[in-house]
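Examining the three-dimensional arrangement
Below are the chains, spelled out letter by letter.
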Amino acid sequence: MINNKFIKVILFDFIIALLCFGAFILYFYIMPQKGDQNATVLINEAATLSQAFALPDSKDNTKSRSFGRKRGNKENPGNGNTNTKSIVSENSSLDLSDKINTTLESYKSDTIQLNITKNELGEGNDKITYYTADIYVTSIKQLQTAFANGTFGKNLRETTVQMAEDNDALLAISGDSYGNNETGIVVRNGILYRSDTNDAEICVLFLDGTMKIYTPEEFDQEQILECDVWQAWNFGPSLLDNGSVKTVFQTTSYLNGSNPRCAIGYAGPGHYKFVLVDGRNTGYSKGATMSELAEIMANEDCLLAYNLDGGKSSSMVYQGNYVNQPVDGGRTISDIIYFKKEESKQ
Amino acid sequence: MKEWYVNLWSHLTFILSLFIATLWVLNLLNPMMNFLNNWIADSAIFLLCISSLITSAISIWRRYR
């Protein structure tokens, strides 16, 4: 027979456990903490003068491709990923041939050319609205990243708009939320802030404008960090395999639900795509699963694509204003990826 | 052995188990947040082992004394 005293004691223990959990969350996920400021510069001065890319003569906005779904080889899923935290890419009902796109913004200078389009797929409860920024730069140094409050640390947060303003960004998107974790490689603008890896795939942007995505097992830190790494993000998963939708994503079923998404795509050296999928707003946009996001990225002619922090964090800012409609007005985040108006003179 | 001393270890085991189980479930849902890959979770798991050892040792000792 369960008596009252037993229930009271168990309840008391529950409350203590709850307080412990609250203290844990407060310490690890809320209290701002400055990180180790002993960063290592990875790029040498000579290398910063290296690659220059050409801008396209004229932007062909009507360019389209066959919308048949390209999928990775079943016999060789992903990058040989054997991680148990992975899901098989499902066949989604996404019909990209019905896409309605509207050009929102265009910008061209001597060093950067970008086009932002709003894309709508489907209708009713299944409608997906996403924004694509198609960017060409003459120098990789124009693709920059910034920390909240300008400082590397944990739980330091600002809105995307604030960070974009602080850094004079032409276009900015939410980053990989490095500040939510204590582990994961962080290379920003050629500076190594954190070198350990975790279970997540790593996206590396090199100074020559190329991008590569590694599984933690493939990531040979010593060798890769010697190759003029300009940026490295630690979130994922990787969505494409040489332009084809991957058959396996290194994520969990919970994270694979229809959600707002943010991704960076690589179409060639000097040519990048930011894709922002809005979500959790029935009738406007339901959000995207990883498979749907991968299909969108493949449709955007990306060779590689990498998922960044989604949900409420997903935001795209152009000239100081939100392009998309972040869930509940968005939230403060730890970092952004952005393009400067003019080439950095550093 | 004083009763409060025995009780303390069983309560500690209960609280730590609840705490770690919560972290484990959250980490399963969202591994990107690294709920288990930090020094507090590591310490809690170690402390749980110690308290479990002591609680079970007391329980076994009581049975055979």
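Remember, predicted model here, so these are calculated numbers, not experimental data.

Topic: the overall build of chain A
The helix and strand inventory of chain A stands at five helices and 23 strands. Across chain A, contacts joining residues at least 24 apart in sequence account for 74% of those joining residues at least 6 apart. Accessible surface for chain A amounts to roughly 15,100 Å². Of this, 49% is attributable to carbon and sulfur atoms.

Examining the layout of surface pockets
Volume-wise, the largest pocket comes out at about 970 Å³. For the largest pocket, the lining is made up of 47 residues, of which Phe235(A), Leu255(A), Asn30(B), Met32(B) and Met33(B) are closest to its centre. Among the secondary structure elements, those contributing two or more residues to the lining of the largest pocket are α1 (4-30) and β20 (304-308) of chain A together with α1 (3-29) of chain B. Among the elements that make up the lining of the largest pocket, the one with the highest residue count is α1(B) (three residues). Class assignment of the residues belonging to the lining of the largest pocket gives a composition of 18 nonpolar, 19 polar and 10 charged.

Re the UniProt feature "domain: Phosphodiester glycosidase" (unreviewed entry) in chain A
Feature annotation in UniProt places "domain: Phosphodiester glycosidase" (unreviewed entry) on residues 170-339 of chain A, given in this structure's numbering. End-to-end, the C-alpha atoms of residues 170-339 of chain A are 6 Å apart, and along that stretch the chain is 9% helix and 37% strand.

Some thoughts on the pairing of strand β13 (residues 211-214) of chain A
Residue and element names in this part refer to chain A. Sheet topology places strand β12 (residues 202-206) next to β13; four bridges connect them, and they run antiparallel. If you follow Leu205 over to β13, its bridge partner there is Met211. With antiparallel pairing between neighbouring strands as the criterion, β12 and β13 make up a hairpin whose turn holds four residues, including Gly209 at a positive phi of roughly 90°.

Examining the UniProt feature "transmembrane region" (unreviewed entry) in chain A
The residues that UniProt annotates with the feature "transmembrane region" (unreviewed entry) are residues 9-30 of chain A. Here residues 9-30 of chain A is 100% helix and 0% strand, with 30 Å between the C-alpha atoms at its ends.

Concerning the packing of aromatic side chains
Residue and element names in this part refer to chain A. Enumeration over the complete set of coordinates arrives at 17 aromatic pairs over all chains. On the basis of an interplanar angle of 55° and a centroid distance of 5.6 Å, the ring pair of Phe147 and Phe152 is categorised as tilted. Pair check on accessibility: Phe147 and Phe152 agree, each one buried. Residues Phe147 and Tyr193 carry aromatic rings whose centres are separated by 4.9 Å and whose planes lie at 80° to one another, so their mutual orientation is edge-to-face. Taken together, the residues Phe147 in strand β7 (residues 143-147) and Tyr193 in strand β11 (residues 191-194) connect sequence positions 46 residues apart. Looking at Phe147, the relative accessible area reads 9%, which means it is buried. The class of Tyr193 is partly exposed, set by a relative accessible area of 21%. Sitting over the face of the ring of Tyr29, Lys154 holds its NZ or CZ atom 5.3 Å from the ring centroid.

Thresholds applied
- Residues numbered from 1 in each chain as written.
- Chains lettered and ligands numbered in written order.
- Predicted model: local features only at pLDDT ≥ 70, side-chain atom pairs only at ≥ 80, totals over all residues.
- Heavy atoms only, no water.
- Helix = DSSP H or I, 4+ residues; strand = E, 2+ residues; numbered from the N terminus.
- Contact = heavy atoms within 4.5 Å.
- Areas by Shrake-Rupley, 256 points an atom, 1.4 Å probe, with all protein chains shown as cover.
- 1 Å grid on protein atoms, 1.4 Å probe; cavity = no way out; pocket = protein on both sides within 12 Å on 5 of 7 lines; lining within 4 Å.
- Points joined across faces, edges and corners; volume = space filled by probe spheres on them.
- Nonpolar A, V, L, I, M, F, W, Y, C, P; charged D, E, K, R; others polar.
- UniProt positions renumbered as here; feature names shortened; annotations may be inferred.
- Pairing = 2+ DSSP bridges.
- Phe/Tyr/Trp six-rings, centres within 6.5 Å; stacked < 30°, edge-to-face > 60°.
- Buried < 20%, exposed > 50% of the residue type's maximum accessible area, 1.4 Å probe, protein only.
- Lys NZ or Arg CZ within 6 Å of the ring centre and 35° of its normal.

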